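Spelled out from the first residue to the last, the chains are:
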Amino acid sequence: MVVIQHEHPLTLIDLNPKYPYDEQVYDDEKDLINNQAFQCLCDRCDEEITYYHRYYYKCDQCDYSLHKSCSELPTTLKHASHLAHTLFLFQNESQQKCHVCKCTILDEQLCYYCSPCMLNICLACGTNKVHHHIIYHPSHKHPLVPTSRSILAVCDACGEKHEGVFYQCFTCFLSFIHEDCVFCPKRLLIQHGTFDKFFHTHPLILTYVFPEVDQQVKFYPKCRVCDKSFTGYENLWIYKCEKCRYYTHLECAYLRSNTSQQAVSRITPERHEDDHGVLHLPLSEQNYVKAIDLLFKERNYERSITHNSHHHPLTLVDAQCNDITTMNKNDALCNACLVPIVKNTMLYKCKFNDEGCNFVLHEWCTRLPGELKDYKGHPHHTLLLLPKAGHEFICDACKCYGNGFAYSCVQCNYKIDVWCAFIPDKIKHKSHPNHLLSSNHEYYRSSEDNYCRMCLSGFTADNEISFGCKRCEFHLHAGCALLLPETIRHKYDKHPMSLAYSPIENHEGDYFCEVCEEELNPNACFYHCHECVQSIHTTCAPLAPQSKPYLYGGLKHNITRPSVNISIAQKAEEIAQSMVLKVSTV
């Protein structure tokens, strides 16, 4: 079909008059996004006119649009390779070969055509210049020109190797972007880019740098798709929701990278995993009793007993909420497992509690077996229960301090606390809800992801007990997985504070701990009240088992993991003297 000139006058439109500073001068990012979303069809070449082409002609009298470069194409051509006839600008009706360069001219593509000789010449050969594929991209201050053919190269936008057409800058030669990346929308719903595999409430905004200083301020966040860091991505493009601290690599936003493809398996539930009888964590009132039932099949209902860990008789009581709130800091913890006493729990208290003897045991802790045989962490020797350890020790399983009951090997001086003595082989945890987590007796942690995903600290030894998903390279400290309750209550907050594993959606500003008043890293787990928008470090909740400064007999150390900032924990202890937190299982 021969191309003819339009019958009406055309007006030149500049879609981006602020280029190359458009990203900086727009006060309202929504205006920029709306402008970048512009598109219409060129009535000469039938290809899209987009924001990136910048210029186009528009007819004021009818619905006619034209690329600026299309309007500049001559409708007739005399070419040195075919002087015998005049060639006409033509919209190709079937796939042909260029008479000069032998490249393929696709169906409906513009070219120059000689009717008598039935030959075609592509626009590049006919006009000796690149056609309307020149774009003005907001990521670069100079126009970008496409390569004339497909090549294999690394893209400067995503950092991945691609094969295809690249857009490059012939002015400074500093930009080389693959066609799949250069036309990525400024605004993207992650569920659209990932075919509903991932979800976020707000659209993500494309940004062209992620400076190291910005990453540091945000505590070096991980990609929400592949769970990998942005180290080395300072000058690469990413999608982000700054308000929710939701960041993804450019390739991950479209599931185009190998790591993002692997991430899909992480969020896909196992079809054949049977979680019947598996301990569900973190502990709440609903699964707290289930946890005990898994460990101890029988219960003790004797009203009064004697126990070899204490010199006075013990009396059975049922802990109600008011019992807990009136307990002092020593009463509120079981002397055996050092876990807080929660409401509706059966416990034994010293008969002389009213006279100042504050010895307390959970009912099930009175039935701890006297020895452990074939313990997986120390299978060669039998471990004996030491109900009167009488001093601090570091658990050889979880590497936490303790001074409660311990199981000890008299030959090797190997000691573990009560919780680690009965660690199950498999658990299910809300921080990794789609797969069961196995204890590392059944697998080995890789060196690349050898850290806990809840507290973000590393493991102190290769044999330290942890739970993990080998398939996803996901690991948790035993203490983080087993001992942090699902909710806690603050004396001055009427709502329960729930355990969070990532930044909170729609959270305004930075995060600060209500106890120690230090800035909080929301990429690690923390307690948060959604109604009052308040947060607390897990290490700053004095009765949360990972931070237990109040144990019977007193400790020289806070019971925190050695890698935790001790100065914060110490400050929290001082403030918490007048701000008692009580564990809630609401």
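Just above, that's the structure.
Residues numbered from 1 in each chain as written. Predicted model: local features only at pLDDT ≥ 70, side-chain atom pairs only at ≥ 80, totals over all residues. Heavy atoms only, no water.

### A look at the overall build of the chain
When you go through the chain residue by residue, the secondary structure sums to 13 helices and 40 strands. Counting the 586 residues in the chain, one finds 51% classified as buried. (Helix = DSSP H or I, 4+ residues; strand = E, 2+ residues; numbered from the N terminus. Buried < 20%, exposed > 50% of the residue type's maximum accessible area, 1.4 Å probe, protein only.)

### Things to note about the sheet that holds strand 33 (residues 437-439)
Sheet strands associate in pairs through backbone hydrogen bonding, adopting either a parallel or an antiparallel arrangement. Here we have 5 strands laid out as an open sheet, ordered 21-32-33-34-35, and mixed in their pairing. The open sheet has two edge strands, strand 21 (279-281) and strand 35 (474-477), and neither has a second partner. Mean inter-strand twist for the sheet, computed between neighbouring axes without regard to direction, equals 30°. Bridge count between strand 34 (residues 466-469) and strand 35: 4 bridges; the pairing is antiparallel. Bridging across to strand 35, cysteine 469 finds its partner in phenylalanine 474. (Pairing = 2+ DSSP bridges. Axes fitted to C-alpha atoms, helices over the stretch in contact; angles between N-to-C directions.)

### Remarks on the pattern of salt bridges
Tallying each qualifying case throughout the model produces 12 salt bridges. The salt bridge involving aspartate 14 is made with arginine 54; its shortest N-O contact spans 3.0 Å. One end of the pair, aspartate 14, is in strand 1 (residues 10-14); the other, arginine 54, is in the loop between strand 3 (48-50) and strand 4 (55-59), with 40 residues separating them in the sequence. Between glutamate 242 and lysine 218 there is a salt bridge, with the nearest N and O atoms lying 3.7 Å from each other. Of this pair, glutamate 242 sits in the loop between strand 19 (238-241) and strand 20 (246-249) while lysine 218 sits in the loop between helix 7 (212-217) and strand 19, and the two are 24 residues apart along the sequence. It is possible to trace a salt-bridge network through shared partners that takes in Lys218, Lys240 and Glu242. (Salt bridge = Lys/Arg side-chain N within 4 Å of Asp/Glu carboxyl O.)

### Considerations on the packing of aromatic side chains
Counted by the stated rule, this structure contains 16 aromatic pairs. Ring plane angle 85° and centroid distance 6.3 Å describe the contact between phenylalanine 230 and tyrosine 233, whose orientation is recorded as edge-to-face. For arginine 54, the ring lying beneath its charged end belongs to tyrosine 136, and the centroid distance is 5.5 Å. Over the ring of tyrosine 55 we find lysine 68; its NZ or CZ atom is 5.8 Å from the centre of that ring. (Phe/Tyr/Trp six-rings, centres within 6.5 Å; stacked < 30°, edge-to-face > 60°. Lys NZ or Arg CZ within 6 Å of the ring centre and 35° of its normal.)

### Some remarks on the nonpolar core
Ranked by size, the top nonpolar core spans 76 residues in total, and within it Tyr375, Tyr407 and Ile416 carry the most contacts. Counting residues per element, this core draws most heavily on helix 12 (residues 478-483), at 5 residues. Within the second largest apolar cluster, 43 residues are counted, among which are Tyr52, Phe166, Cys181 and Tyr208. (Core = buried A, V, L, I, M, F, W, Y, C linked by side-chain atoms within 4.5 Å.)

### Section: unusual backbone geometry
One can expect most non-glycine residues to show negative phi and most peptide bonds to be in trans. The residue after leucine 281, namely proline 282, is reached through a cis peptide bond having omega 0°. Relative to the helices and strands, proline 282 is located in the loop between strand 21 and helix 9 (285-295). Here arginine 54, not a glycine, exhibits a phi torsion of approximately 70°, which is positive. Taking relative accessible area as the criterion, arginine 54 reaches 10% and is therefore assigned buried.

### Topic: the sheet that holds strand 15 (residues 166-168)
The strand order across the open sheet formed by 3 strands is 12-15-16, and the pairing between neighbours is antiparallel. Because the sheet does not close on itself, it has two edges, and the strands there are strand 12 (145-146) and strand 16 (176-178). The sheet contact formed by strand 12 and strand 15 spans 2 bridges and is antiparallel. Looking at strand 15, one finds that valine 145 is bridged to glutamine 168.

Any link to function would need more than the numbers given here.
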